[in-house]
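# Commentary on secondary and tertiary structure
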Amino acid sequence: EVQLVESGGGLVQPGRSLKLSCAASGFTFSNYYMAWVRQAPKKGLEWVATISTSGSRTYYPDSVKGRFTISRDNAKSSLYLQMNSLKSEDTATYYCARLGYAHGWFAYWGQGTLVTVSS
Amino acid sequence: EIVLTQSPTTMAASPGEKVTLTCRASSSVSYMHWYQQRSGTSPKLWIYETSKLASGVPNRFSGSGSGTSYSLTINSMETEDAATYYCQQGSSYPYTFGAGTKLELK
(Lines give C-alpha, C1' and ligand atoms only; values in the text may rest on other atoms or scores of the structure.)
Protein backbone atom coordinates (compact mmCIF):
# COMPACT_ATOMS: atom_id res chain seq x y z
CA GLU A 1 0.00 0.00 0.00
CA VAL A 2 1.36 3.40 -0.99
CA GLN A 3 1.86 5.67 2.01
CA LEU A 4 3.05 9.26 2.05
CA VAL A 5 3.48 10.90 5.46
CA GLU A 6 4.31 14.59 5.66
CA SER A 7 5.86 16.34 8.63
CA GLY A 8 7.49 19.63 9.53
CA GLY A 9 4.56 22.03 9.33
CA GLY A 10 3.82 24.64 11.95
CA LEU A 11 3.62 28.32 12.75
CA VAL A 12 6.41 30.47 11.31
CA GLN A 13 6.95 34.22 11.07
CA PRO A 14 6.99 36.02 7.72
CA GLY A 15 10.45 36.04 6.16
CA ARG A 16 11.57 32.92 8.02
CA SER A 17 12.27 29.43 6.69
CA LEU A 18 10.75 26.00 7.16
CA LYS A 19 11.56 22.55 5.80
CA LEU A 20 8.91 19.95 5.13
CA SER A 21 9.57 16.23 4.86
CA CYS A 22 7.63 13.37 3.32
CA ALA A 23 8.33 9.72 4.14
CA ALA A 24 7.29 7.36 1.37
CA SER A 25 6.61 3.64 1.56
CA GLY A 26 4.82 0.88 -0.32
CA PHE A 27 6.48 1.52 -3.69
CA THR A 28 9.93 1.90 -5.27
CA PHE A 29 10.47 5.56 -4.46
CA SER A 30 13.37 6.06 -6.87
CA ASN A 31 11.18 5.10 -9.85
CA TYR A 32 8.72 7.97 -9.57
CA TYR A 33 8.60 11.71 -9.98
CA MET A 34 7.38 13.37 -6.80
CA ALA A 35 5.68 16.67 -6.08
CA TRP A 36 4.28 19.09 -3.53
CA VAL A 37 0.79 20.55 -3.88
CA ARG A 38 -0.72 23.06 -1.46
CA GLN A 39 -4.19 24.19 -0.48
CA ALA A 40 -4.82 27.47 1.30
CA PRO A 41 -7.61 27.36 3.91
CA LYS A 42 -10.97 26.88 2.18
CA LYS A 43 -9.33 27.41 -1.22
CA GLY A 44 -8.41 25.26 -4.20
CA LEU A 45 -5.32 23.27 -5.06
CA GLU A 46 -2.04 24.78 -6.26
CA TRP A 47 0.93 22.85 -7.62
CA VAL A 48 4.13 23.90 -5.84
CA ALA A 49 7.03 21.79 -7.13
CA THR A 50 7.99 18.61 -8.99
CA ILE A 51 11.24 16.64 -8.96
CA SER A 52 12.47 13.96 -11.33
CA THR A 53 13.46 10.45 -10.26
CA SER A 54 17.15 11.27 -9.84
CA GLY A 55 16.57 14.78 -8.57
CA SER A 56 18.41 16.32 -11.50
CA ARG A 57 15.33 18.15 -12.78
CA THR A 58 13.05 20.37 -10.74
CA TYR A 59 10.07 22.50 -11.70
CA TYR A 60 8.29 25.35 -9.91
CA PRO A 61 5.53 27.86 -10.58
CA ASP A 62 6.50 31.54 -10.52
CA SER A 63 4.77 32.00 -7.15
CA VAL A 64 7.49 30.03 -5.32
CA LYS A 65 10.43 29.99 -7.76
CA GLY A 66 13.59 31.23 -6.08
CA ARG A 67 12.13 30.78 -2.59
CA PHE A 68 11.25 27.06 -2.43
CA THR A 69 13.53 24.11 -3.18
CA ILE A 70 12.35 20.55 -3.68
CA SER A 71 14.79 17.70 -3.09
CA ARG A 72 14.80 13.97 -2.47
CA ASP A 73 16.87 11.24 -0.86
CA ASN A 74 16.18 8.01 -2.71
CA ALA A 75 18.16 5.98 -0.17
CA LYS A 76 15.78 7.15 2.55
CA SER A 77 12.63 7.20 0.37
CA SER A 78 12.12 10.77 1.44
CA LEU A 79 11.00 13.99 -0.23
CA TYR A 80 11.69 17.49 1.07
CA LEU A 81 10.55 21.06 0.54
CA GLN A 82 12.78 23.85 1.79
CA MET A 83 10.73 27.03 2.04
CA ASN A 84 12.56 30.35 2.46
CA SER A 85 11.36 33.95 2.69
CA LEU A 86 7.91 32.78 3.67
CA LYS A 87 4.94 35.06 3.09
CA SER A 88 1.45 35.09 4.58
CA GLU A 89 0.11 33.84 1.24
CA ASP A 90 2.15 30.65 1.68
CA THR A 91 -0.20 29.64 4.51
CA ALA A 92 -1.68 26.32 3.41
CA THR A 93 -1.83 22.60 3.89
CA TYR A 94 1.07 21.10 1.95
CA TYR A 95 0.56 17.69 0.38
CA CYS A 96 3.25 15.34 -0.79
CA ALA A 97 2.21 13.51 -3.95
CA ARG A 98 3.52 10.73 -6.15
CA LEU A 99 3.09 11.34 -9.84
CA GLY A 100 1.65 8.86 -12.28
CA TYR A 101 3.73 6.88 -14.74
CA ALA A 102 3.54 9.63 -17.35
CA HIS A 103 4.27 12.33 -14.75
CA GLY A 104 1.29 14.47 -15.61
CA TRP A 105 -1.02 13.63 -12.73
CA PHE A 106 -0.88 13.14 -8.97
CA ALA A 107 -1.61 9.49 -8.36
CA TYR A 108 -1.26 9.35 -4.55
CA TRP A 109 -1.46 12.02 -1.86
CA GLY A 110 -0.36 12.25 1.72
CA GLN A 111 -2.54 13.52 4.55
CA GLY A 112 -0.94 16.96 4.43
CA THR A 113 0.90 19.19 6.88
CA LEU A 114 -0.32 22.69 7.78
CA VAL A 115 2.02 25.65 7.43
CA THR A 116 0.86 28.92 8.96
CA VAL A 117 2.85 32.06 8.20
CA SER A 118 1.97 34.76 10.68
CA SER A 119 3.60 37.18 13.08
CA GLU B 1 -0.04 29.36 -18.07
CA ILE B 2 -3.07 27.27 -18.92
CA VAL B 3 -6.14 28.41 -17.01
CA LEU B 4 -8.80 25.82 -16.23
CA THR B 5 -12.38 26.99 -15.76
CA GLN B 6 -14.79 24.61 -14.07
CA SER B 7 -18.56 24.85 -14.16
CA PRO B 8 -20.75 24.97 -12.33
CA THR B 9 -19.06 26.25 -9.18
CA THR B 10 -21.64 24.52 -7.01
CA MET B 11 -24.50 22.20 -7.75
CA ALA B 12 -26.90 19.87 -5.97
CA ALA B 13 -28.13 16.56 -7.33
CA SER B 14 -30.69 14.04 -6.14
CA PRO B 15 -29.88 10.34 -5.71
CA GLY B 16 -30.17 8.63 -9.08
CA GLU B 17 -29.75 11.86 -11.05
CA LYS B 18 -27.23 12.14 -13.87
CA VAL B 19 -24.53 14.74 -13.21
CA THR B 20 -22.07 16.38 -15.61
CA LEU B 21 -19.21 18.62 -14.52
CA THR B 22 -17.23 20.54 -17.10
CA CYS B 23 -13.70 21.88 -17.32
CA ARG B 24 -12.51 24.24 -20.03
CA ALA B 25 -8.85 24.97 -20.73
CA SER B 26 -7.54 28.29 -22.03
CA SER B 27 -5.29 26.35 -24.44
CA SER B 28 -5.43 22.84 -25.81
CA VAL B 29 -4.18 20.08 -23.50
CA SER B 30 -3.44 16.44 -24.23
CA TYR B 31 -5.34 15.03 -21.27
CA MET B 32 -7.38 16.12 -18.29
CA HIS B 33 -7.20 14.60 -14.83
CA TRP B 34 -9.81 14.78 -12.08
CA TYR B 35 -9.63 14.59 -8.29
CA GLN B 36 -12.27 14.09 -5.64
CA GLN B 37 -11.90 15.78 -2.27
CA ARG B 38 -14.35 15.08 0.50
CA SER B 39 -14.58 17.57 3.35
CA GLY B 40 -11.59 17.43 5.68
CA THR B 41 -9.67 14.85 3.67
CA SER B 42 -6.85 14.80 1.13
CA PRO B 43 -7.65 14.88 -2.58
CA LYS B 44 -7.80 11.54 -4.37
CA LEU B 45 -7.04 10.84 -8.00
CA TRP B 46 -10.38 10.01 -9.57
CA ILE B 47 -9.95 10.03 -13.34
CA TYR B 48 -6.64 10.25 -15.24
CA GLU B 49 -5.75 10.69 -18.88
CA THR B 50 -9.25 12.04 -19.54
CA SER B 51 -11.20 8.80 -19.25
CA LYS B 52 -9.33 6.22 -17.13
CA LEU B 53 -10.85 5.52 -13.74
CA ALA B 54 -8.45 5.39 -10.82
CA SER B 55 -8.38 2.23 -8.74
CA GLY B 56 -11.53 1.79 -6.69
CA VAL B 57 -13.60 4.43 -8.52
CA PRO B 58 -17.13 3.17 -9.25
CA ASN B 59 -17.99 2.67 -12.89
CA ARG B 60 -20.92 5.10 -12.65
CA PHE B 61 -18.19 7.71 -13.18
CA SER B 62 -16.82 8.49 -16.61
CA GLY B 63 -14.63 11.12 -18.21
CA SER B 64 -14.47 12.46 -21.73
CA GLY B 65 -13.26 15.35 -23.84
CA SER B 66 -10.42 16.63 -25.93
CA GLY B 67 -8.59 19.82 -26.78
CA THR B 68 -9.99 22.53 -24.52
CA SER B 69 -13.23 20.95 -23.34
CA TYR B 70 -13.53 18.09 -20.84
CA SER B 71 -16.21 16.62 -18.61
CA LEU B 72 -16.75 14.26 -15.72
CA THR B 73 -20.10 12.45 -15.63
CA ILE B 74 -21.82 10.53 -12.89
CA ASN B 75 -24.39 8.21 -14.41
CA SER B 76 -26.50 7.98 -11.27
CA MET B 77 -25.72 10.18 -8.26
CA GLU B 78 -25.14 8.44 -4.95
CA THR B 79 -24.78 9.87 -1.44
CA GLU B 80 -21.06 9.15 -1.28
CA ASP B 81 -20.41 11.21 -4.43
CA ALA B 82 -20.99 14.49 -2.60
CA ALA B 83 -17.58 16.18 -2.69
CA THR B 84 -15.54 18.81 -4.49
CA TYR B 85 -14.11 17.77 -7.85
CA TYR B 86 -11.03 19.42 -9.34
CA CYS B 87 -9.73 19.13 -12.87
CA GLN B 88 -5.97 19.40 -13.53
CA GLN B 89 -3.73 19.60 -16.58
CA GLY B 90 -0.24 18.14 -16.68
CA SER B 91 0.46 18.78 -20.34
CA SER B 92 2.67 21.77 -19.70
CA TYR B 93 4.28 23.56 -16.79
CA PRO B 94 3.07 25.14 -14.62
CA TYR B 95 0.64 22.35 -13.82
CA THR B 96 -2.69 23.96 -13.03
CA PHE B 97 -5.95 23.06 -11.34
CA GLY B 98 -9.45 24.32 -11.85
CA ALA B 99 -11.14 26.10 -8.94
CA GLY B 100 -13.33 23.07 -8.29
CA THR B 101 -17.00 22.13 -8.46
CA LYS B 102 -18.72 21.46 -5.17
CA LEU B 103 -21.29 18.74 -5.67
CA GLU B 104 -23.91 18.47 -2.95
CA LEU B 105 -26.69 16.01 -2.29
CA LYS B 106 -30.18 17.38 -2.83
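Structure: see above.
So, a few notes on the structure that sits alongside this text. Residue positions are counted from 1 within each chain, in the order its sequence is given. To read the labels, note that chains go from A and ligands from 1, taken in the order they are written. Reporting of local features is limited, given that this is a predicted model, to residues whose pLDDT is at least 70; pairs of side-chain atoms are given and counted only at 80 or more, and all residues count toward the totals for whole chains, interfaces and linings. To obtain the side-chain values, all non-hydrogen atoms of the structure were used and water was disregarded.

## Focus: the nonpolar core
Nonpolar cores were defined as sets of buried Ala, Val, Leu, Ile, Met, Phe, Trp, Tyr and Cys residues, with membership established by side-chain atoms within 4.5 Å. Here's how the labels work: a residue is buried when its accessible area is under 20% of the maximum for its type, exposed when over 50%, partly exposed in between, all with a 1.4 Å probe on protein chains only. Residues Phe106 of chain A together with Trp34, Tyr85 and Phe97 of chain B are the most contacted members of the largest nonpolar core, which totals 42 residues. The contact partners of Phe106 of chain A, leaving out residues within four places of it in the chain, are Ala35, Val37, Trp47, Ala97, Arg98 and Leu99 of chain A together with Tyr35, Leu45, Gln88, Tyr95 and Phe97 of chain B. Core analysis: the next-biggest nonpolar cluster, separate from the first, contains 27 residues, Leu18, Phe27, Val64 and Cys96 of chain A among them. Contacts are assigned to residue pairs that have any heavy atoms within 4.5 Å of one another.

## Thoughts on the packing of aromatic side chains
Any Phe, Tyr or Trp ring, taking Trp's six-membered ring, that has another such ring centre within 6.5 Å forms a pair; planes under 30 degrees apart are called stacked, those over 60 apart edge-to-face, and the others tilted. Summed over the entire model, instances satisfying the criterion amount to 17 aromatic pairs over all chains. Their ring planes at 80° and their centres at 5.5 Å tell us that Trp46 of chain B and Phe61 of chain B sit as a pair that is edge-to-face. Remark: Phe61 of chain B occurs in strand β7 (residues 61-66) and Trp46 of chain B occurs in strand β5 (residues 44-48); sequence separation between them is 15 residues. According to the relative accessible area criterion, Phe61 of chain B is buried, its value standing at 2%. One aromatic cluster is present, formed by Trp47, Tyr59, Tyr95, Phe106 and Trp109 of chain A together with Tyr35, Tyr93, Tyr95 and Phe97 of chain B through successive ring pairs. In this structure, Lys19 of chain A is placed above the aromatic ring of Tyr80 of chain A, and the distance from its NZ or CZ to the ring centre is 4.8 Å. The rule for a charge over a ring is simple: NZ of Lys or CZ of Arg within 6 Å of the ring centre, and within 35 degrees of the ring normal. The positively charged end of Arg72 of chain A is found above the aromatic ring belonging to Phe29 of chain A, 4.4 Å away from the centroid. Helix and strand definitions here come from DSSP, where helices need a minimum of 4 consecutive H or I residues and strands a minimum of 2 consecutive E residues; each element is numbered from the N-terminal end.

## Thoughts on the pairing of strand β3 (residues 18-25) of chain A
Residue and element names in this part refer to chain A. Because side chains alternate across β3, one face comprises the buried residues Leu18, Leu20, Cys22 and Ala24, and the other comprises Lys19, Ser21, Ala23 and Ser25, none of which is buried. Any two strands between which DSSP finds at least two bridges are classified as paired. The pairing of β3 with strand β8 (residues 78-83) spans 6 bridges and is classified as antiparallel. Paired with Cys22 across the two strands is Leu79, which belongs to β8.

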